[in-house]
Amino acid sequence: MELIQNAPDLSAYLAADEAIDHDHPVVRETAARLAADVPDSYAYARAAFEFVRDTVPHSQDAGDPRVTWRASDVLTLRTGICYAKAHALAALLRAEDIPTALCYQKLGVVHGLVAVRFRGAWHRQDPRGNKPGVDAQFSLDGERLAWTPDPESNELDYPVLYAEPHPAVLRALKAAPDRPHLWKTLPTAL
């Protein structure tokens, strides 16, 4: 699948916004801590991915009713669904000048991922969090995502790489008072 940038200028994939608030102190402090232990940007990207995947539980898996959407809140409260975890990872990567896009799959509902730009290409990553039957890994040599869409079930990969969260995703997150409500209002298509 050919990935398509929705913003032609690569600098858009380094920008901060209300959800990817990489200028927030908690994001900056987390990024600095992760960067101190690695030799280069590739190792940093892997460390940031593993940090979000492994230390921020997916709220559905953990039974946490809280809804987070802003990267700094995800990192502070240590909870979020796939979209929120993608926002947190994007913020950590952008904080260290690694171009990062948001991208999505349709798997019954819309699922959130990120794509990082290395070696002149985009590489999709899924920081959702592993559990039995889910083994997402950081990879620049072929995708190791949580799920592969099943076309026979009308599932698909959306090819667009967004510089900002998709409006339907952000609207659902912001409007939800809790995760059970959010589950009823998740976007089913983009």
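For the structure itself, look to the data block above.
Residues numbered from 1 in each chain as written. Predicted model: local features only at pLDDT ≥ 70, side-chain atom pairs only at ≥ 80, totals over all residues. Heavy atoms only, no water.

Ordered by their spatial adjacency, four strands build an open sheet running β4-β3-β2-β5, and the pairing between neighbours is antiparallel. Only two strands of the sheet have a single partner each, and these edge strands are β4 (121-125) and β5 (156-157). Of the pairings in the sheet, the one linking strand β3 (residues 109-118) to β4 comprises five bridges and is antiparallel in character. Bridged to F118 within β4 is A121. The sheet strands contacting helix α5 (residues 82-95) are β2 (100-107) and β3, and the helix crosses β3 at an angle near 15 degrees. (Pairing = 2+ DSSP bridges. Helix = DSSP H or I, 4+ residues; strand = E, 2+ residues; numbered from the N terminus. Contact = heavy atoms within 4.5 Å. Axes fitted to C-alpha atoms, helices over the stretch in contact; angles between N-to-C directions.)

Take the packing of helix α1 (residues 25-35) against α5 next. Each pair of packed helices can be described by the angle between their axes along with the distance between the axes. Orientation of α1 relative to α5, taken along the N-to-C sense of each, is 65 degrees, at an axis distance of 9 Å. When the axes of α1 and α5 are compared, the pair comes out roughly perpendicular. For the pair α1 and α5, the sense of crossing is right-handed. On α5, the residues that touch V27, R28, T30, A31 and L34 of α1 are A91, L92 and A95. For the contact of α1 with α5, the class distribution of residues is six nonpolar, one polar and one charged. (Parallel < 35°, antiparallel > 145°, perpendicular 65-115°, else oblique. Left-handed = near helix turned anticlockwise from the far one by under 90°. Nonpolar A, V, L, I, M, F, W, Y, C, P; charged D, E, K, R; others polar.)

Summed over all chains, the structure comprises five aromatic pairs. Taken together, a centroid distance of 4.6 Å and an interplanar angle of 40 degrees make the contact between Y42 and F118 tilted. You can see Y42 sitting in helix α2 (residues 41-55) and its partner F118 sitting in strand β3, a full 76 residues away along the chain. Its relative accessible area of 7% is what places F118 among the buried residues. Over the ring of Y42 we find R119; its NZ or CZ atom is 5.7 Å from the centre of that ring. A cation over a ring is seen here: R179 above W183, with NZ or CZ 5.9 Å from the ring centre. (Phe/Tyr/Trp six-rings, centres within 6.5 Å; stacked < 30°, edge-to-face > 60°. Buried < 20%, exposed > 50% of the residue type's maximum accessible area, 1.4 Å probe, protein only. Lys NZ or Arg CZ within 6 Å of the ring centre and 35° of its normal.)

Interaxial distance between α2 and α5 falls to 10 Å at its minimum, and their mutual angle equals 150 degrees. Comparing their axes, α5 and α2 come out roughly antiparallel. Once α2 is placed against α5, the crossing between them reads as right-handed. Taken together, the residues of α5 that come into contact with α2 (itself represented by Y44, A45, A48, F49, F51, V52 and R53) are K85, A88, L89, L92 and L93. Grouping the amino acids of the contact of α2 with α5 by side-chain chemistry returns ten nonpolar, no polar and two charged.

So yeah, pure geometry; function would need other evidence.
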